[in-house]
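# Fold and contact review
Residue-level listing of the chains:
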Amino acid sequence: MIVTGGLGFIGSNFIHHMIHSRRDFRITNVDFKGFGSNPANVGELKRNNRYRFVEGDIADYTFVRKILKNARIVVNFAAETHVDRSIANPAPFFESNTKGAFNLLRAAYERNVDKLVHISTDEIYGAIDSGSFDERSQ
Ligand SMILES: NC(=O)c1ccc[n+]([C@@H]2O[C@H](COP(=O)([O-])OP(=O)(O)OC[C@H]3O[C@@H](n4cnc5c(N)ncnc54)[C@H](O)[C@@H]3O)[C@@H](O)[C@H]2O)c1
């Protein structure tokens with residue numbers, strides 16, 4: 001299994017959960033050590049033989065295609081997440097959240113990956129007057 005953005009908050013917790021609850025998964029954590037990353041989140045996994053870390057950028061298609069060779073499952077947590085920063089400088093958000101997600105979809109198709117799970121956020125919908133958004137919101 002490839003997990004992207006696994007040095008961040010949610011991705012690292014997902015990796016811990018999968019490594020400890022499932023013995024039949026090997027996990028490759030792909031992260032470019034960006035703004036939200038903290039290598040200490042997965043520090044204790046360094047010696048686990050079902051875990052490895054690869055530094056890389058999902059906005060780089062050549063890299064993404066290489067890393068997805070023989071992958072069965074991809075879970076994408078890699079994103080620029082501090083939304084207020086996108087107002088001052090949107091370019092890194094486009095690179096990771098749009099181009100990076102597209103690269104994963106394209107490479108997953110070309111590599112015949114069985115399943116790609118893309119993690120996102122209801123923040124993409126903007127503000128709501130009452131209640132909360134769900135996956136069917138438009
Ligand atoms: N934190 C929350 O409460 C929350 C809630 C709902 C949804 N989400 C969503 O979950 C996902 C992960 O959120 P998080 O809070 O763990 O974020 P985070 O900022 O803690 O971690 C994101 C990770 O992605 C990596 N990354 C970013 N761009 C990359 C790239 N181009 N290539 C490789 N790695 C890259 C960063 O280095 C970082 O380690 C996001 O899509 C976010 O919107 C988070």
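Each remark here, short or long, concerns the structure printed above.
Structural notes, computed from the coordinates.

Reading the values: the criteria
Sequence order sets the numbering: in each chain, residues are counted from 1 along the sequence as written. pLDDT decides what is reported in this predicted model: residues at 70 or higher carry local features, side-chain atom pairs at 80 or more are listed and counted, and totals for whole chains, interfaces and linings draw on all residues regardless. Side-chain numbers come from the whole structure's heavy atoms, not from hydrogens or water. Numbered from the N terminus, helices here are DSSP runs of H or I no shorter than four residues, and strands are runs of E no shorter than two. Each residue is assigned to one of three classes by its accessible area relative to the maximum for its type, calculated with a 1.4 Å probe on protein chains only: buried under 20%, partly exposed between the two thresholds, exposed over 50%. Here, proximity means that at least one heavy atom of the residue falls within 4 Å of the molecule or strand. Identification of polar contacts relies on pairs of N or O atoms within 3.5 Å, with a donor-acceptor requirement for protein atoms, meaning one able to donate a hydrogen and the other able to accept it, and with residues adjacent in sequence counted only if both atoms are side-chain atoms. The protein chains shown are the only cover counted for residues, whose accessible areas, like all others here, come from Shrake-Rupley with a 1.4 Å probe. By the convention adopted, Pro, Cys, Tyr, Trp, Phe, Met, Ile, Leu, Val and Ala count as nonpolar, Lys, Arg, Asp and Glu as charged, and the other residues, Gly among them, as polar. In plain words, nonpolar cores are sets of buried Ala, Val, Leu, Ile, Met, Phe, Trp, Tyr and Cys residues tied together by side-chain atoms within 4.5 Å. Contacts are residue-level and defined by heavy atoms, with any inter-residue pair within 4.5 Å sufficient. Between the rings of Phe, Tyr and Trp (Trp by its six-membered ring), a pair exists once the centres lie within 6.5 Å; its type follows the angle of the planes, with under 30 degrees stacked, over 60 edge-to-face, and the other angles tilted. Counted as over-ring charges are cases with an Arg CZ or a Lys NZ within 6 Å of the ring centre that also lie within 35 degrees of the ring normal. Two strands pair if DSSP finds at least two bridges between them. Lines fitted to the C-alpha atoms define the axes, with helices restricted to the stretch that makes contact. Angles between their N-to-C directions range from 0 to 180 degrees.

Let's shift gears to the environment of N89. Within the secondary structure, N89 sits in the loop between α3 (83–88) and α4 (91–110). Since its relative accessible area comes to 39%, N89 is described here as partly exposed. Linking N89 and D60, residues 29 residues apart in sequence, is a C-alpha distance of 20 Å.

We now examine the site of the ligand. As a matter of local geometry, the ligand sits amid 23 residues, with I10, D31, G34, D57 and T81 nearest to it. Here a nitrogen atom of the ligand and a backbone polar atom of I58 are 3.0 Å apart. At a separation of 3.3 Å, an oxygen atom of the ligand approaches a polar backbone atom of I119. In the complex, the protein chains occlude 82% of the 840 Å² of accessible area that the ligand would expose alone. Taken together, the residues of the shell around the ligand sort by class into nine nonpolar, eleven polar and three charged.

Core analysis: the largest hydrophobic core is formed by 16 residues, its most contacted members being I2, V64, I67, L68 and V74. When residues of this core are traced back to their parent elements, those giving at least two are α2 (61–67) and α4. Of all the elements, α2 adds the most residues to this core, at four residues. Beyond its immediate chain neighbours, meaning those up to four positions away, I67 contacts I2, T28, V30, R52 and V54. V3, I19, L45 and I73 belong to the second-largest nonpolar core, a separate cluster that totals 14 residues.

One non-glycine residue, K33, lies in the positive phi region at around 55°. The residue K33 is located in the loop between β2 (27–31) and β3 (51–55) in this model. Assessed through its relative accessible area of 43%, K33 is described here as partly exposed.

Turning our attention to the packing of aromatic side chains. The final tally for this structure, using the stated rule, is two aromatic pairs. Summarising the aromatic geometry, the rings of F14 and F77 are spaced 5.2 Å apart at their centres and angled 45° between planes, so their arrangement reads as tilted. Remark: F77 occurs in the loop between β4 (73–76) and α3 and F14 occurs in helix α1 (residues 9–21); sequence separation between them is 63 residues. On the accessibility criterion, F77 (14% relative accessible area) is buried. Its end group placed over the ring of F35, R85 keeps NZ or CZ at 3.7 Å from the ring centre. Over the face of the ring belonging to Y61 we find R106, whose NZ or CZ atom lies 3.9 Å from the ring centre.

Taken in spatial order, the five strands of this open sheet run β3-β2-β1-β4-β5, and their pairing is parallel. The sheet is open, and its two edges are formed by β3 and β5 (115–118), each paired on a single side. Adjacent strand axes in the sheet meet at a mean angle of 15° when their direction is disregarded. The strands touched by α1 within the sheet are β1 (2–4), β2, β3 and β4, with β2 carrying the most contacts at an inclination of about 175°. Taken strand by strand, α4 contacts β1, β4 and β5, and its axis lies near 170° from that of β5.

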